Amino acid sequence: MLPRLSRALPQLSRLGSQRRLNHRNDFYAISRQSYAKAAVAPVMADTPSEPAVNLDKLFWSKPCSLALPPESPLRIEEPQYGGIKRVLFTLMLFYTKQSKSIRGANVVYKRVLSQVDKPAIYEVFNLERTFKTNYALLVLHMWLCLRRLRQEGKEGVELGQYVYETYNHDVELRVSKAGVNLLLSKWMKDLERIFYGNIVAYDAALLPEARQDELPNVIWRNVFSDDGSSKPDEAASRTVQAMARYVRREVSCLSLTDKEAMFSGNFMFTPLKIKEPKLEESR
């Protein structure tokens, strides 16, 4: 139903390198118009409250690898069978490159969901949890993974295709659960345009010649803005700047994460936690 990501990426890269304003505005317009049509059903009606963290102090630490240590209980290892069981699994093509790639892609996507579907990211960035914000954060973290996988060349692009197909199947289920059963294919096309438009915009915002405020402005348009404004107002600026620092740090951390961890999915995005205020001891 959708074009293969591996064929689309070269074209997207060329589009991302074109710095003319009218090309970028076309993608942003698509994103805003498509959200208006597609993201009408909320996942949760949480009302954002005042941030419980000092955003100005977040995401300044030195980047580090996101690979899970060997002893981590969160690791998901390839099952190792012996004897007749291994022979049977081999005959069932369990150990083929394609089968291993599909299993790895499922784990990679699971790591994306572990960051996007937990309350912490909405609480830290003071976001209302709706279909729009959930999908926008999903696309953002998919872009982070696909960008890192592309650095591994053809093999990484191929794995990225499996991750994309896993994502696409999950999004279709999410749209159905949101109550959309009619015109499902039209919704998926709208969301596909948002996906490609957003990843082009993120790629362009990280180019060496990009303006310093381009990434915050892209994040504002893709994640926060509801009125189509191109730049955050003063009240939202601190939150958007904090997310921009978070994104830049995750890009650097993923670059430091080794190939084995990325291909097996044995990595975790930087945990986002809100510290509970300490109660003073009664005297």
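If you're wondering where the values come from, they're calculated on a predicted model, not measured in any experiment. (Residues numbered from 1 in each chain as written. Predicted model: local features only at pLDDT ≥ 70, side-chain atom pairs only at ≥ 80, totals over all residues. Heavy atoms only, no water.)

Trainee: Would you mind showing me how to read the overall build of the protein chain here?
Mentor: Of the regular secondary structure elements, the protein chain holds 11 helices and zero strands. Along the chain direction, N to C, the helices and strands of the protein chain fall in the order α-α-α-α-α-α-α-α-α-α-α. Each of the 283 residues in the protein chain was classed as buried or not, and the buried ones make up 47%. For the protein chain, the proportion of contacts with a sequence separation of at least 24, taken over those separated by at least 6, is 76%. A total accessible area of about 15400 Å² is found for the protein chain, and carbon and sulfur atoms account for 56% of it. (Helix = DSSP H or I, 4+ residues; strand = E, 2+ residues; numbered from the N terminus. Buried < 20%, exposed > 50% of the residue type's maximum accessible area, 1.4 Å probe, protein only. Contact = heavy atoms within 4.5 Å. Areas by Shrake-Rupley, 256 points an atom, 1.4 Å probe, with all protein chains shown as cover.)

Trainee: Even after reading the chapter, I still don't get unusual backbone geometry, so can you show me in this structure?
Mentor: Comment: phi is negative for the bulk of residues other than glycine, and the bulk of peptide bonds are trans. Phi is positive for Phe59, close to 65°, though the residue is something other than glycine. A positive phi angle is found at Asn126, which is not glycine, with a value near 55°. Along the chain, Asn126 falls in the loop between α5 (119-124) and α6 (131-150). By relative accessible area, Asn126 is classed as partly exposed at 27%.

Trainee: What should I look at first to understand the packing of aromatic side chains in this one?
Mentor: Two descriptors summarise a pair of aromatic rings, namely the distance from one centre to the other and the angle between the planes of the rings. On inspection of all chains with the given rule, the structure shows 14 aromatic pairs. A ring pair is formed by Tyr167 and Phe195, whose centres lie 5.0 Å apart and whose planes are at 35°; its orientation type is tilted. Linking Tyr167 in helix α7 (residues 154-177) with Phe195 in helix α8 (residues 184-205), this pair joins segments that are 28 residues apart in sequence. Judged by centre distance (5.5 Å) and plane angle (80°), the ring pair of Phe195 and Tyr196 falls under edge-to-face. Note on accessibility: Phe195 and Tyr196 belong to one class, buried. Joined through ring pairs, the aromatic side chains of Tyr109, Tyr164, Tyr167, Phe195 and Tyr196 make up one cluster. In this structure, Arg86 is placed above the aromatic ring of Tyr95, and the distance from its NZ or CZ to the ring centre is 4.2 Å. Its guanidinium or amino end placed over the ring of Phe263, Lys259 lies 5.3 Å from that ring's centre, counting from NZ or CZ. (Phe/Tyr/Trp six-rings, centres within 6.5 Å; stacked < 30°, edge-to-face > 60°. Lys NZ or Arg CZ within 6 Å of the ring centre and 35° of its normal.)

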